[in-house]
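# Summary of structural features
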Amino acid sequence: MKIPVLYYHKIDYPKKDAVYKGLYVTPKQFKRQIALLKFLGYDTINPKEILSFVKGHEISVKKPLLITFDDGYENNYLNAYPVLKSAGFTSVIFISTGFIGKKNIVSDEREKVREDFLNKSEIKDMFKDGFFIGSHGINHYYLDRLEEGVLIGELIASKAYLENMLNAPVDFFSYPFGAYNANVMRAVKKAGYLGAFTTVRGKAGVGDNSYELKRIPVNGYNNIFNFLYKTLILQ
Ligand SMILES: [Zn+2]
């Protein structure tokens, strides 16, 4: 068995001038996807259970699933959180701490459309409700291009900021732009994270590296059949 870890960005209708329209999964698509997962008997798990699973321990959940969001858009709170909550699901939100409560852009320079990011009270709300908060660095940099001091700062300061806000440990990281290498992985471990998620496509399997966890991207171009195929059927 392998565990699917889905990753989303924006749950919203694509903004008219947005260049990367695929990053938007509409609220309607999202609702349908969550209803399908629920119908098929999937249950969301704690990200710590993924670690225990890749290390070879048994998992008690029959059809485990992890749902993640990168960047920390406010639309996650407005359009995804209520849907997940009513299905009895949770998710992990990976936040770039420098964008909290701001309007900003995280894609490359081609994108001109700004998005609203989660503010502190929205993050705290979800956390109190059993959702998990992870770090996505401070400034959404390509971590493999940074000098050592800046790299360590991105990892340690974002973790400390979130831990201070939530008064709880923040154990997981997701690499901005999916950019990492052996040095970045070492630094993430040294900064005290227990695991990290990539954008390498695939499911979590026994023996995988805790700092190189694979995920399955879900984008707005997927109809429900593609979604079903690539998230659940494809190994
Ligand atoms: Zn990102």
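Reference entry: report on the structure contained in this document. (Residues numbered from 1 in each chain as written. Predicted model: local features only at pLDDT ≥ 70, side-chain atom pairs only at ≥ 80, totals over all residues. Heavy atoms only, no water.)

On to empty space enclosed by the protein. Evaluation of the coordinates by the stated rule reveals one cavity of 30 Å³ or more. Lining the largest cavity we find Lys10, Tyr73, Asn104, Ile105, Val106, Ser107, Glu111, Val113 and Glu115. Partitioning the lining of the largest cavity into residue classes produces four nonpolar, two polar and three charged. (1 Å grid on protein atoms, 1.4 Å probe; cavity = no way out; pocket = protein on both sides within 12 Å on 5 of 7 lines; lining within 4 Å. Points joined across faces, edges and corners; volume = space filled by probe spheres on them. Nonpolar A, V, L, I, M, F, W, Y, C, P; charged D, E, K, R; others polar.)

Another point: helix α6 (residues 182-190). All of the buried residues along α6 are Val184, Met185, Ala187 and Val188. Buried residues in α6, looked at end-on, bunch into an arc of 160°, giving them a common side. Facing away from the buried side of α6, by more than 90 degrees, are the exposed residues Ala182, Arg186, Lys189 and Lys190. Structurally, α6 contributes buried residues whose contacts are with α5 (148-166), β10 (172-174) and β11 (195-201). N-capping of α6 is provided by Asn181, with a side-chain oxygen placed 3.1 Å from the backbone N of Asn183. Just past α6, the residue Gly192 takes up positive phi, approximately 105°. (Buried < 20%, exposed > 50% of the residue type's maximum accessible area, 1.4 Å probe, protein only. Helix = DSSP H or I, 4+ residues; strand = E, 2+ residues; numbered from the N terminus. Arc of directions from axis to C-beta. Contact = heavy atoms within 4.5 Å. Polar contact = N/O pair within 3.5 Å; in protein donor to acceptor, adjacent residues only side chain to side chain.)

In terms of nonpolar packing, the biggest core is built from 36 residues, with Tyr8, Phe30, Ile34, Leu37, Phe69 and Leu84 touching the most fellow members. If you list the elements that add at least two residues to this core, you get β1 (5-8), α1 (27-39), β5 (64-71), α3 (74-86), β6 (92-95), α4 (120-128), α5 and α7 (224-233). Here this core takes five residues from α3, the largest share from any one element. Residues in contact with Phe69, not counting those within four places in the same chain, are Tyr8, His9, Ile11, Phe30, Asn76, Ala80, Leu84, Ser91, Val92, Ile93 and Phe94. Membership of the second largest hydrophobic core comes to 16 residues, among which are Val54, Val92, Phe172 and Ala204. (Core = buried A, V, L, I, M, F, W, Y, C linked by side-chain atoms within 4.5 Å.)

Every protein donor of the zinc ion is accounted for by Asp71 (OD), His136 (NE2) and His140 (NE2), and the metal-donor separations fall at 2.0 to 2.2 Å. Mapped onto the sequence, the donors of the zinc ion take the spacing D-x64-H-x3-H. Taken together, the residues span a long stretch of sequence, with Asp71 in strand β5 and His140 in the loop between β9 (132-135) and α5 at a distance of 69 residues. Accessibility assignment for this pair places Asp71 and His140 in one class, buried. (Donors = N, O, S within 2.8 Å, 3.2 Å for Na, K, Ca; no water.)

On to the packing of aromatic side chains, then. Centre-to-centre distance and the angle between the planes together describe a pair of aromatic rings. One pass over the structure, following the stated rule, counts 13 aromatic pairs. Where Tyr81 meets Phe131, the ring centres are 5.2 Å apart and the plane angle is 85°; that geometry is what we call edge-to-face. Note that Tyr81 is positioned in helix α3 and Phe131 in the loop between α4 and β9, a separation of 50 residues in sequence. Owing to a relative accessible area of 10%, Tyr81 belongs among the buried residues under this scheme. Judged by its relative accessible area of 2%, Phe131 is buried. Their ring planes at 15° and their centres at 4.7 Å tell us that Tyr175 and Tyr180 sit as a pair that is stacked. Per residue, the accessibility class of Tyr175 equals that of Tyr180, and both read buried. Here Lys159 stacks its cationic end above the ring of Tyr193, 5.5 Å away from the centre of that ring. (Phe/Tyr/Trp six-rings, centres within 6.5 Å; stacked < 30°, edge-to-face > 60°. Lys NZ or Arg CZ within 6 Å of the ring centre and 35° of its normal.)

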